[in-house]
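Reading the structure
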Amino acid sequence: MTIRNAMAGLLALWLLLPAPGHAQAPPAADAAELAAHRAYTTRLAERLAAEEAPRGLALAALLREANAAATADPAAAAPPRSDPQSRQWRALAFQRAGADTLALSLLALAPEDDAGTGRAALARWRQLEPANLVPWLHGDADAAARAEAARRARSADSHLYAQVRALVEAQRRHPPADAERALLAGGRDGQPGGLDGYAVLHGTSLLAPWSLPALEPFAEGCAAAARQAPDSVQAEDCRNAAQALQRADTRALESVGLALAADLARSAEARRAAAEARRRFDWQMVELGRLSMGRPDGGVDAFAALLMAEPAATREAALDERQLREAGIPLDPPAGWRPPSR
């Protein structure tokens, strides 16, 4: 898989795969469900803001902006924009965030018209996690800064699932009214459902697309370095970044790391290792999809229970692998296996 193909399939990992944790929340079944979601999340934003904690304030701003941008036709939805209230919440969150990298990662997702707070949060996040590649792929860091970040990268942590956990915990503190809950968490496709499952779907749908860093310029620069000067310092820095991305906290970022490793491989042995790592990744994605499709409600509630039961688990891969092991599915593909699409 090339870097360009990995980029094209990146959102599919979150938005199309049936495995919970990779899927966007399904469209509202009817106008009543959509209205309940908007009414509840509007009220949730107000209650989180009233707590005046930095994470809650940052989430409140994102919720308010998402609701303002939403329309009955998702294809026509406008990009999120701030308003005086969300900017005020975000400014207070930054004032109180201190060294809370989770709050800072949420603040870094500010829309373009609230870029001042977003840039300040991003700068502090970079200072606090200098070996984390992800904050250097957000924002307007120049090519030299990104190259230096690739050289020192030891991790690639977007904090996405910690952010989702924070939203689940917020919805536990401030649950929907009974009538709203019946619409939002009472089950999808005729299957039973739960509030945590709804919260995980909501959180992933809300946060995953916004948390995606600007990977394409970086990945294309690495691909060019691999073609033009495979033994250059830049290519070696990119190989280091590829290793960090393969240990990323989301499978989407891991997928890009696998593609980078394949494109940057200098020997037949490295190419074989990259191909085998990709095959293992594809096997797990296919088996997770099959597993989820065979569970009530697509396995959303089971995934939510696992996510909340494992607060120390920071990598999506670890959650995926636990699901596979518990279902008796091997983590490695059988000999000769190839993905269905190949």
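Computed from a predicted model, the values in this text were never measured in an experiment.

**Examining the overall build of the protein**
Of the regular secondary structure elements, the protein holds 17 helices and zero strands. By the burial criterion, 50% of the 342 residues in the protein qualify as buried. Long-range pairs, those at least 24 residues apart, make up 71% of the contacts in the protein with a sequence separation of at least 6. Accessible surface computed for the protein: about 15,000 Å², of which carbon and sulfur atoms make up 54%.

**Looking at the state of the cysteines**
A covalent bond between the sulfur atoms of two cysteines is referred to as a disulfide. Applying the stated rule across the entire model yields one disulfide. Across the disulfide from cysteine 222 sits cysteine 238; the S-S distance is 2.0 Å. Judged by the sign of its S-S torsion, about -85°, the cystine formed by cysteine 222 and cysteine 238 is left-handed. Here cysteine 222, found in helix 12 (residues 215–228), pairs with cysteine 238, found in helix 13 (residues 233–246); they are 16 residues apart in sequence, far enough to count as distant.

**Points about the layout of surface pockets**
It is the rolling of a water-molecule-sized probe over the atoms that shows where space remains empty. When its volume is computed, the second largest pocket comes out at roughly 510 Å³. Forming the walls of the second largest pocket are 19 residues, and the residues nearest its centre are Ala108, Leu109, Ala110, Pro111 and Glu112. The element contributing the most residues to the lining of the second largest pocket is helix 6 (residues 115–128), with four residues.

**Considerations on helix 16 (residues 300–309)**
Val300, Phe303, Ala304, Leu306, Leu307 and Met308 are the residues of helix 16 that are buried. Lining the buried residues of helix 16 we find helix 9 (160–173), helix 11 (195–211) and helix 17 (316–326).

**Observations concerning the packing of helix 8 (residues 143–152) against helix 13**
Relative orientation of the contacting elements helix 8 and helix 13 amounts to 55°, with a least axis distance of 7 Å. Between helix 8 and helix 13, the angle is such that the two are oblique. Here helix 8 runs over helix 13; the crossing is left-handed. In this structure, helix 8 contributes Ala147, Ala150, Arg151 and Arg152 to the contact, and helix 13 contributes Val233, Asp237, Asn240 and Ala241.

Calculation rules
Residues numbered from 1 in each chain as written. Predicted model: local features only at pLDDT ≥ 70, side-chain atom pairs only at ≥ 80, totals over all residues. Heavy atoms only, no water. Helix = DSSP H or I, 4+ residues; strand = E, 2+ residues; numbered from the N terminus. Buried < 20%, exposed > 50% of the residue type's maximum accessible area, 1.4 Å probe, protein only. Contact = heavy atoms within 4.5 Å. Areas by Shrake-Rupley, 256 points an atom, 1.4 Å probe, with all protein chains shown as cover. Disulfide = S-S within 2.5 Å. 1 Å grid on protein atoms, 1.4 Å probe; cavity = no way out; pocket = protein on both sides within 12 Å on 5 of 7 lines; lining within 4 Å. Points joined across faces, edges and corners; volume = space filled by probe spheres on them. Axes fitted to C-alpha atoms, helices over the stretch in contact; angles between N-to-C directions. Parallel < 35°, antiparallel > 145°, perpendicular 65-115°, else oblique. Left-handed = near helix turned anticlockwise from the far one by under 90°.

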